[in-house]
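What follows is the residue order along each chain.
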Amino acid sequence: MPSSRDDCVRRVLDIFEVWNRRLHFYIGLYLLFFLWLFAFTGLLLNHPGWTFAEFWPTRKQTAFERAITPPPVGPDLAQAENILKQLGLSGEIEWTSARADARRLDFRASRPGHIFEIKTDFDRERATVRRIDLNVWGVMHILHTFTGVRAGDSRNQRDWLLTSIWAFTMDAVGIGLMIMVLGSYYMWWRLPRKRAWGLVALISGWAVCLLFVVGLRLLV
Amino acid sequence: MQRGFYLVTRDLHLYAGLFISPFLVVFAVSVFVLVHPPGSLPSPSAERTARPVQNLEIPAGLENLSGRARIDAVRPLLDRAGVHGEIGSIRYIPKEHRLSVPVGVPGRETTFDLDLDRRSATISGRETGIWDALVQLHKSPGPHLAEIRMNWIAMRAWRWLADATVYLLLFISVSGIYLWTVLRLERRAGMAMLAAGAVSFFGIVYALVAG
């Protein structure tokens with residue numbers, strides 16, 4: 001006769017089973033557009049020869065000069081943010097060169113689809129802006145890689161709120177994918193008739209993957 | 001007929017999903033390293049001892065070649081020296097009549113420093129670790145150096161696998177939508193999640209692009 005403890009465990013397992021299944025498709029449906037974006041743009045990034053998705057040769061460039069008020073003395077980032085505000089622009093600030101002159105500040109501000117290259121001269125109280133606009137393919141390309149940071153580059157840090165939100169989104173997609181993968185292993189294991197072929201698919205996937213992640217380094 | 005279609009789709013969704021799951025894990029885990037990269041590059045303690053190779057048969061005019069032709073000419077020298085991997089952008093140093101050949105394997109970087117006058121080379125390198133391997137695989141083949149990249153058979157296979165992962169992901173997402181629509185009881189909740197995802201996605205993208 002089953003004990004009340006067994007009943008309790010059974011109930012918990014039943015609830016887990018139902019919610020694991022629900023989570024699998026709730027997360028999948030919530031992340032659907034994000035997954036399609038990252039999957040499709042990954043394909044585009046891996047095939048630069050696909051001419052239909054060209055965006056750099058078709059970019060539109062404009063340039064203009066504006067009067068600015070020299071920003072108060074302070075860190076480069078605060079000065080750059082001040083200048084962007086005066087110009088009515090926003091984006092992720094990127095340092096393109098080391099600052100050699102305290103009376104000049106050159107930087108780039110970018111957002112998916114738009115790049116602003118800004119050169120300032122505090123003595124002349126002028127800012128020269130070169131604006132580059134990309135087509136929809138350019139927007140998609142940049143969304144895939146828009147993190148605001150690069151390995152080994154400590155000078156450029158995420159400094160725009162929307163970049164941080166997008167970076168958080170990328171993390172969330174990664175976590176969501178892993179929850180879906182782990183949940184799918186459990187759901188598959190609960191189907192005894194599918195175990196054998198599932199094991200073949202799973203082992204072959206992991207074997208190929210591990211060959212690339214660690215195997216090649218050990219073999220060659 | 002409809003039942004048969006459902007069962008086949010469900011099985012394909014399951015097996016395709018299981019097969020690509022490790023690749024999805026690789027791409028998902030490496031996202032964290034790409035979004036939160038370490039501030040500095042790997043420590044030099046991971047460097048391997050340099051070793052020399054002598055008496056190399058260097059093809060005439062190697063330094064004048066460029067692009068894929070130079071890669072193809074260097075490959076036999078690397079094979080002879082027992083260096084395998086994806087050759088990166090080769091740098092020619094005219095003053096020293098030397099070629100610096102970077103060779104990568106996921107998780108390892110090797111430099112084949114070829115002295116054209118002495119017909120010798122020095123092989124040095126370092127282990128960059130599993131995180132770097134994941135990042136390298138995530139970014140391969142990528143949009144850069146299109147003319148020379150994927151010059152190693154293993155990376156050509158990876159390119160194929162990376163593409164296959166995308167196609168299979170698109171398939172399992174579409175088949176997943178079909179399988180969800182069959183579950184009548186979950187339609188409303190699923191629709192709410194889909195709508196919430198669409199609003200989040202288009203909202204963030206709109207703010208990034210035009211906001």
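Here the structure is a predicted model, which is why all the values come from computation and not from measurement.

Quick notes on the rules
Here, residues in each chain are numbered from 1, in the same order as that chain's written sequence. Chain letters start at A and ligand numbers start at 1, both assigned in the order the entries are written. Selection of residues for local features in this predicted model requires a pLDDT of at least 70, selection of side-chain atom pairs for listing and counting requires 80 or more, and totals for whole chains, interfaces and linings are taken over all residues. Here the axes come from fitting lines to C-alpha atoms, over the contacting stretch only for helices, and the angles between their N-to-C directions go from 0 to 180 degrees. A run of H or I in DSSP counts as a helix once it spans at least four residues, and a run of E counts as a strand once it spans at least two, with each numbered from the N terminus. These descriptions rest on fixed angle ranges, namely under 35 degrees for roughly parallel, over 145 for roughly antiparallel, 65 to 115 for roughly perpendicular, and the rest for oblique. The crossing is said to be left-handed when, going from far helix to near helix, the turn is anticlockwise and less than a right angle, and right-handed when the turn is clockwise. C-beta atoms are first placed from the backbone for all residues, and any pair lying within 7 Å is then listed as a contact. All amino acids are sorted into three groups, where Ala, Val, Leu, Ile, Met, Phe, Trp, Tyr, Cys and Pro are nonpolar, Asp, Glu, Lys and Arg are charged, and the leftover types, Gly among them, are polar. The domain boundaries here were taken from an automatic or database domain assignment. Buried Ala, Val, Leu, Ile, Met, Phe, Trp, Tyr and Cys residues whose C-beta atoms connect them within 7 Å together make up a nonpolar core. We call a residue exposed when 12 or fewer other C-beta atoms sit within 10 Å of its C-beta, buried when the count reaches 20 or more, and partly exposed for counts in between; the C-beta positions come from the backbone. Whether two strands pair comes down to DSSP finding at least two bridges between them. Multiplying 1.5 Å by the helix residue count minus one yields the expected span of that helix. Bend is the name given here to the angle between axes fitted to two runs of seven residues, the run ending at a residue and the run starting at it.

A.B. asks: What is the right way to look at the packing of helix α2 (residues 32-46) of chain A against helix α4 (residues 153-182) of chain B in this model?
C.D. replies: Axis separation between α2 of chain A and α4 of chain B bottoms out at 10 Å; the angle between their running directions is 155 degrees. Between α2 of chain A and α4 of chain B, the angle falls in the class roughly antiparallel. Seen from above, α2 of chain A lies across α4 of chain B with left-handed handedness. Each of Leu32, Leu35, Trp36, Ala39, Gly42, Leu43 and Asn46 of chain A in α2 of chain A lies in contact with α4 of chain B, whose residues at this interface are Arg159, Ala162, Asp163, Val166, Leu169, Leu170 and Ser173 of chain B. Its residues assigned to classes, the contact of α2 of chain A with α4 of chain B comprises 9 nonpolar, 3 polar and 2 charged.

A.B. asks: Looking at this structure, I do not really get the domain arrangement of chain A. What am I missing?
C.D. replies: A common way to state how big an interface is: give the accessible area lost once the parts meet. Residues and elements named next belong to chain A. Looking at chain A, the domain boundaries give domain 1 (4-47 + 169-219) and domain 2 (51-160). Centre-to-centre, using C-alpha coordinates, domain 1 lies 39 Å away from domain 2. Its residues assigned to classes, the side of domain 1 that touches domain 2 comprises 4 nonpolar, 2 polar and no charged.

A.B. asks: Before we go on, may I ask you to explain the nonpolar core in this structure?
C.D. replies: Within soluble globular proteins, side chains that are nonpolar generally end up buried alongside one another. Core analysis: the biggest nonpolar cluster contains 55 residues, and Val173 and Val213 of chain A together with Leu24, Val26 and Leu137 of chain B have the highest contact counts within it. The dominant element in this core, judged by the number of residues it contributes, is helix α1 (residues 2-35) of chain B, at 12 residues. Filtering out sequence-adjacent residues up to four positions away, Val173 of chain A remains in contact with Leu31, Phe34, Leu35 and Phe38 of chain A. Core analysis: the next-biggest nonpolar cluster, separate from the first, contains 15 residues, Val83, Val101, Phe112 and Ile123 of chain B among them.

A.B. asks: Would you take a moment to explain the pairing of strand β4 (residues 114-121) of chain A for this structure?
C.D. replies: Side chains on a regular strand alternate between the two faces of the sheet. Residue and element names in this part refer to chain A. Pairing of strand β3 (residues 104-111) with β4, which is carried by 8 bridges, proceeds in the antiparallel orientation. By the bridge assignment, Ser110 is partnered in β4 with Ile115. The antiparallel pairing of β3 with β4 creates a hairpin that spans 2 residues between the two strands, and Gly113 there sits at a positive phi of about 100 degrees. Bridging between β4 and strand β5 (residues 126-133) involves 8 bridges; their strand directions are antiparallel.

A.B. asks: Sorry if this is basic, but what is going on with helix α6 (residues 195-219) of chain A here?
C.D. replies: Residues three or four positions apart in an α-helix share a direction because the helix packs 3.6 residues into each turn. Under the 1.5 Å per step criterion, the end-to-end length of α6 of chain A is only 31 Å for 25 residues, more than 12% shorter than the ideal 36 Å. The sharpest bend along α6 of chain A reaches about 55 degrees and sits at Phe212 of chain A. Here α6 of chain A has its buried residues at Gly198, Leu202, Gly205, Cys209, Phe212, Val213 and Leu216 of chain A. Among the structural elements, α5 (161-189) of chain A together with α1, β4 (98-105), α3 (129-139) and α4 of chain B are those in contact with the buried residues of α6 of chain A.

A.B. asks: Just checking my understanding: could you explain the sheet that holds β4 of chain A for this structure?
C.D. replies: Residues and elements named next belong to chain A. Across the sheet, 5 strands lie side by side as β1-β5-β4-β3-β2; this open sheet has antiparallel pairing. Of all the strands in the sheet, just β1 (60-67) and β2 (92-94) have a single pairing partner and so form its edges. Geometrically, the sheet is characterised by an average inter-axis angle of 20 degrees between neighbouring strands, direction not taken into account. As paired strands, β2 and β3 are joined by 3 bridges and run antiparallel to one another. Directly across from Glu94, in β3, lies its bridge partner Arg108. Sitting on the sheet, helix α3 (residues 76-87) is in contact with β1, β2, β3, β4 and β5, with an inclination near 65 degrees to β3.

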